[in-house]
Every structure is written in structure tokens, then in C-alpha cells.
Number of protein chains: 2
Amino acid sequence: MNNHIVIMAGGIGSRFWPLSTPEYPKQFIDILGCGRTLIQLTVDRFEGLCPKENFWVVTNAAYVDIVKEQLPDMPASHILAEPAARNTAPCIAWACWRIRQEDATANVVVTPADAVVMNPVEFRRVLGNALAFTEKSDAIVTVGIKPSRPETGYGYVEVDSGKRDAGSGEIRRVASFKEKPSREVAEQYLQAGNYLWNAGIFVWNVNTITAALSTYKPNIAADMDRMKTDSDVQEVFPQVEKISIDYAVMEPAAADGKVYTHPADFGWSDLGNWASLHDKLQKDGAGNGAVGNVHMYECRDCVVHAEEAEKVVLQGLDGYIVSAKGGRILVCKRSEEQRIKEFSA
Amino acid sequence: MNNHIVIMAGGIGSRFWPLSTPEYPKQFIDILGCGRTLIQLTVDRFEGLCPKENFWVVTNAAYVDIVKEQLPDMPASHILAEPAARNTAPCIAWACWRIRQEDATANVVVTPADAVVMNPVEFRRVLGNALAFTEKSDAIVTVGIKPSRPETGYGYVEVDSGKRDAGSGEIRRVASFKEKPSREVAEQYLQAGNYLWNAGIFVWNVNTITAALSTYKPNIAADMDRMKTDSDVQEVFPQVEKISIDYAVMEPAAADGKVYTHPADFGWSDLGNWASLHDKLQKDGAGNGAVGNVHMYECRDCVVHAEEAEKVVLQGLDGYIVSAKGGRILVCKRSEEQRIKEFSA
């Protein structure tokens, strides 16, 4: 098996304070209360697609020990510790340059560490299709989630409805990438039917992505060529252009007709906010979703996460977030969750 | 100085869960956030009235170590560990029998451990008057708090408005004790002007109280005479009649014209519930009273106690109790505080 999985785990998850903190962010938390953290669930869902020794994690240097603790089967040399956060293009470039050193024919999936997938069987089927496609082609594949609502919090992938090569099997060529839309535009996308959510899950073979970076971002490719030792990494990486893989590669490559998408429906969520967590948690009859020893009286539509607490009693709360961790407690209305960064300061 | 202070510290404070628990009840907590626990404040307010070696604490055996820690100047032999809770009459009787062994002329104040007094200077003046009165007489004095509202949560002391000896100085004879009244009756008491709140603070010389117990509760007096060793205490005390000092002594003694009261106004509260704590805490402009590192946004009329928490953020709460301690968290409407025992079960 020459499949490799790259897990991007550098986020700080500030919207979930105090559950998630810069010291211990959400990808390392059992946010669903299922006994596995988000990064562990991310590894779990690739079972059978990739041997354990082919997993890679790119994360902040501060989180290396947490990764080792939570993923003890991960080869230590596959944990890439970023000396600074430079967005996704440098992160992915570094991982792919390193993979190429070990396996020049590697076939690669890049995935965030903090999304959830409710149907891992379907996930494996879709990723298996995409990996089979990129093994035999120089295509760039992004997984496109079939939208269930006019979501304004995600970027979109526009599927090419023209006459160009339609891809293979379920895989379709991408016409363009779209930024997070307004509500009105999101509704048009939903109605049009050929727009998918960009889940940030990418599939390609290692020669395709390194060549694409050399073509579209030769400065980043040159920086990667300079990073031969740990001290090179310390010196060079913090200076690499700070840019997302979407801007650096996906958009120009899509314009060149080189990007494909596999439409998918496997219960994906990026768990980007409390609303999406509430959506994914099992709810009681009054719409409350809770993780921890939580006792609720006359509460409705609350989302509660307090796995460390010995006992939590809530009474008379309607539409609140309650979160407790490490001696920090938050109670706020769900409608005010965009202020959590302010609250945590 | 032959003044002695007996502090009754056996309560479990179940209405303040999780701030107060049976393992660590409210008298041992810094409930006002002032840096001193309630039992420490109780000792503090007698400063100058009584030497440190004349303090006594009667408490449950489970709390002896907490008392030693919080009151390091207290003589260890003056911490009386009840093998079982038998209400206030046996508690007071035991302390007074022990005091009489050390000082047959002792003049004694008995006080709960968990009340607060906002004006300790006035408190000392009142108690000084009462002690001076009982030093020279066989009177039983109870401190009567001038009522500021038609409170239904306290018992009342009826001041004798008849022609009998009116007492000495501010001290007045008591006609009768009254149980917690209905709202209507409480309003009549307030209007009548000669009803005071029974604060459960008693003053007498040791011969007066031991004689009164021998008269009104000879069975309790006989049990006390049998308690000569620790093992006697273990055997006898759990069998002593379980009865309050009010029923055992105060009511029959008042009927015999032997009870006096010192009307007082020193900002007393028994801190019996969250409403009384809210009343005593300093409030912000929106009526919130909080102890701990508590940050409130769009909150009104809340009472919060979370001294252990590193940081608490509350948003959009109107009229709630928020309490956190030892990994337990409570959020409930202030109007529902009578259900806290149920919530803690």
C-alpha cells in the first residue's frame, strides 16, 4: 500500500472555549463524548485504506506530545512540528515533500483533524474511489459534500456542467471554487444542484501536488527544497509564504481544468461551532445535547459539554451553551456564540 | 475574663450545594468572598469580648480537622466532636457542662457558626451589654434582631409590653417565642413593633443554663452528668433526647418569666439561602452579586459563587444562581432555589 494520510492538526479551536483552549485545542478533545478524540476519530475512519506507518500529522510544536499520547502507533518521525502557523499551503507542501523522500509513488489524502463523519463506511468507499483515481492520473481531487441546507459558513465547489471530460465513475471535474456565500447565493447554489461544500479533504499522488506547487507557487516549492535538516525547518518554515492551499493551488489548478471532485454524503461536519456540535450530538426529548454527567430540569435546546465535571445541574435554561473545562466555565446564549472569542480573552 | 463563647458548627448547609456539601459545609466556606470563612468571621467578631482560650466549638466528628485548620488558636480540648447530630439542646448542654468543669463562674455566649454580622462594632456593644447583665443575674438572654421586613423564614421573640420588670438598659423581658409565621402574621409582627427575629444567639452564666436544663429537661441533665470520659460520650450522646434549645429551655423559661432579649440592629443574617447571600453581597449596577473571577455580560440579579474556578463567563442570565465547587456546577433560577436539595441528590 502506498497510500499516505496527512492530518492537519494545527488549529486552536477558539470558538469552543473553554472546552478548547490554545493549550489543548478541540482536535485533541472527545467533543462528541464517544470515548475518542477528534484526531483519533480521524485516524479511525481511514482504517483499511492506509497502514498505520503511513500516517502523518502536521501540527504546532506545542502539540507534539499530545499527538504522541493520543496516537501512540504514529511513527514519531511522521509528526511534523511547525515552528509557526503558516496556513495550509506550507503545511501540506512540507508533508508532501517529506512523503516523497520516503515513497516517490505515494498516493496521498490530506484531511483536517477536527471534522466528524457520521458514516465512516461510506467515507472509506468515497476515499477509496478517489485514491484509485489519483493513483492512475495526475488529477487533484477534492471531496465535495452534497449540501443539505443553504450553509453560509462553508466554501463551495462548483461542478463542471459543460462538455469537458467528466471524470471517472462518480468523480466530476471542478469548474471553480467559491468563497463562503451570502444567504441568497447559498440558496441559489442549493437550487442549482451542482455546488458542493468544500470539506478541505484533498486526494492526489505526491508527484501531482509537488508539481502543482512548483507550477503555481514556485517560491514555496523552493523553500521546501531548502528544508533538509531540522535547523533548516526552524529557519525556513516561519518565512514561507502564508497562504491557504485553496488560493495557492486549488483555484489556479481548477482554472487549468486539473481539479476533480468526488461528491459525497457521509454525514460530514467541520464542527466549526457550537451549532454544528449541537446538530451532531444525540438529543433528549427537549432538544438538549450534553456530554458529561449533566442533569437538566426545564431546559430546552441547550448544548452542554462538561466531561471533566463530577456533576452538573442545570435548571430553567432555554437555548444556552454550557461548557466547563480546567476550572473555566461558560454559560451563554446559543445566539451569542460568535462572541465566545471575546469572552475568552 | 470569665466569658466563654460556644460556636455551634454542626450544620451541613445543604441549601448551598455544590458550594456547601456534607463533606465541607457552609460554615467552613468563605461564602462572602472576603478572605475569611463563616466560622472564622464568627470568632473574629468576638474579639475583645473573650480570650482565645475560652472559645469552644461543638461540631460533627467529621469536621474536627477542618476546625483545627481554620481556627489554629482554638484549644484542641475545646473542640467537642458530636458522635451524632442531636439538635441544639444536647449540643449546648454538653458545651456548658464542660465549661462548668473549667470555670464554675463562666459567663457564656452560644452562637451559630454560619451567620453573618455586617456591623461587628455594634455586635460587640450588644453582646457586652448582655454579658454584663447575665454576670450579675440568673437571666437567660436571647439576642433579638429588629426586623426590617415581614420575614417568614425566621422565628420571632415577643417582647413583653406588660408591667413586669422591663430588664436593664436596652434589655427587655420576653413574653413568648413564636414559630416561623405566615406572611400575614409576619406583617402583623412588623407593624406591632414588639417582635424581634430570633437569631439563635444566647447569653447566660453557666449556672443559669445548667440549672435551667436540670429544671426543664432533667433527662438531658442526667445524661450530661454521665458523660465523664470520651467513651461515655460515644455511648451516651447519640441517645440524648433530640430536641432544640428553643423547645427544651427557651419556651418554658419564657413562660416562667426568666428570658430576656437585647434588641439589636447589627446587619445580621443567618445566610440561610441564596436570597440572603445575594442580599449581603456587594452588587454591580445590574444587581449581580458574585464571588470569584466572574465575568458577566447582559446578566441581571444573579448570585454567583465560584471561588475555585479560574474563570467564569456568564452571558444573558436573568435571576439565576450559579455555583461551582469541587467539579460540581449548578445553574438554576433563583425562584427555584428550594429545589436545590432535590438537584443535589
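The structure we're discussing is the one just above.
Residues numbered from 1 in each chain as written. Chains lettered and ligands numbered in written order. Predicted model: local features only at pLDDT ≥ 70, side-chain atom pairs only at ≥ 80, totals over all residues. Heavy atoms only, no water.

1. Here we look at the interface of chain A and chain B
To keep things clear, this is the line we draw: In what follows, residue pairs with any heavy atoms lying within 4.5 Å of each other are defined as contacts. Buried area counts how much accessible surface, traced with a 1.4 Å probe, disappears from two parts once they are put together, with both parts' losses summed. Note on definitions: salt bridges are taken to be side-chain nitrogens of Lys or Arg within 4 Å of carboxyl oxygens of Asp or Glu.
Tallying the contact residues gives 28 residues for chain A and 28 residues for chain B. Buried area between chain A and chain B, summed over both chains or domains, comes out near 2400 Å², and the portion from carbon and sulfur atoms is 50%. When the buried surface of chain A facing chain B is broken down by residue, Lys 311, Gln 315 and Ile 329 of chain A rank first, second and third, together holding 28% of it. Joining chain A to chain B, the criterion identifies 4 salt bridges.

2. A look at the side chain of Ser 269 of chain A
Residue and element names in this part refer to chain A. What counts, and what does not: For the purposes of this entry, the term helix denotes a DSSP run of H or I that reaches at least four residues, the term strand denotes a run of E that reaches at least two, and both are numbered from the N terminus. Contacts described as polar in this section are N or O atom pairs within 3.5 Å, which, within protein, must combine one atom able to donate a hydrogen with one able to accept it, while residues neighboring in sequence count only if both atoms come from side chains.
Assignment of secondary structure puts Ser 269 in strand β11 (residues 268-269). A distance of 3.0 Å separates the side chain of Ser 269 from the backbone nitrogen of Leu 271, its partner in a polar contact. The contact partners of Ser 269, leaving out residues within four places of it in the chain, are Ala 115, Val 116, Tyr 154, Ser 276 and Lys 280.

3. A closer look at the relation of the copies chain A and chain B
In plain terms, the rule: The copies were overlaid with a least-squares fit restricted to C-alpha atoms from residues scoring a pLDDT of at least 70 in each copy.
Of the transformation superimposing chain A on chain B, the axial component is 0.0 Å and the angular component is 180°, with the fit at an RMSD of 0.1 Å. A rotation of that kind, with that shift, is consistent with a two-fold axis. Within chain A, the C-alpha atom positioned nearest to the axis of rotation is that of Gly 327 of chain A, 4.1 Å from it. When the interface residues of chain A are mapped onto chain B, 100% of them again lie at the interface, so the same face is used by both copies.

4. Thoughts on the packing of aromatic side chains
Residues and elements named next belong to chain A. Using the following cut-off: Between 30 and 60 degrees the pair is tilted, below 30 it is stacked and above 60 it is edge-to-face, where a pair is any two Phe, Tyr or Trp rings, Trp via its six-membered ring, whose centres lie within 6.5 Å. Burial status follows relative accessibility: with a 1.4 Å probe on protein chains alone, a residue under 20% of its type maximum counts as buried, one over 50% as exposed, and anything between as partly exposed.
Scanning all chains against the criterion turns up 28 aromatic pairs over all chains. Between Tyr 154 and Trp 268 the ring centres are 5.0 Å apart and the planes differ by 55°, which places this aromatic pair in the tilted class. Of this pair, Tyr 154 sits in the loop between β6 (140-145) and β7 (156-159) while Trp 268 sits in strand β11, placing them 114 residues apart in sequence. Judged on exposure class, the residue Tyr 154 and its partner Trp 268 are both buried.

5. Focus: the sheet that holds strand β15 (residues 311-315) of chain A
Note the threshold: Strands are treated as partners if at least two bridges between them are detected by DSSP. Note on definitions: angles span 0 to 180 degrees between N-to-C directions of axes, and those axes are lines fitted to C-alpha atoms, for helices only across the stretch in contact.
Strand order in the open sheet formed by 6 strands is β13(A)-β15(A)-β17(B)-β16(B)-β14(B)-β12(B), and the pairing between neighbours is mixed. Edge positions in the sheet fall to β13 (294-297) of chain A together with β12 (289-292) of chain B, since each of these pairs with one other strand and no more. Between one strand axis and the next, the sheet turns through 5° on average, direction left out of account. Across 4 bridges, the pairing between β13 of chain A and β15 of chain A is parallel. Of the residues in β15 of chain A, the one forming a bridge with His 295 of chain A is Val 313 of chain A.

All quantities given are derived from atomic positions and should not be read as evidence of function.
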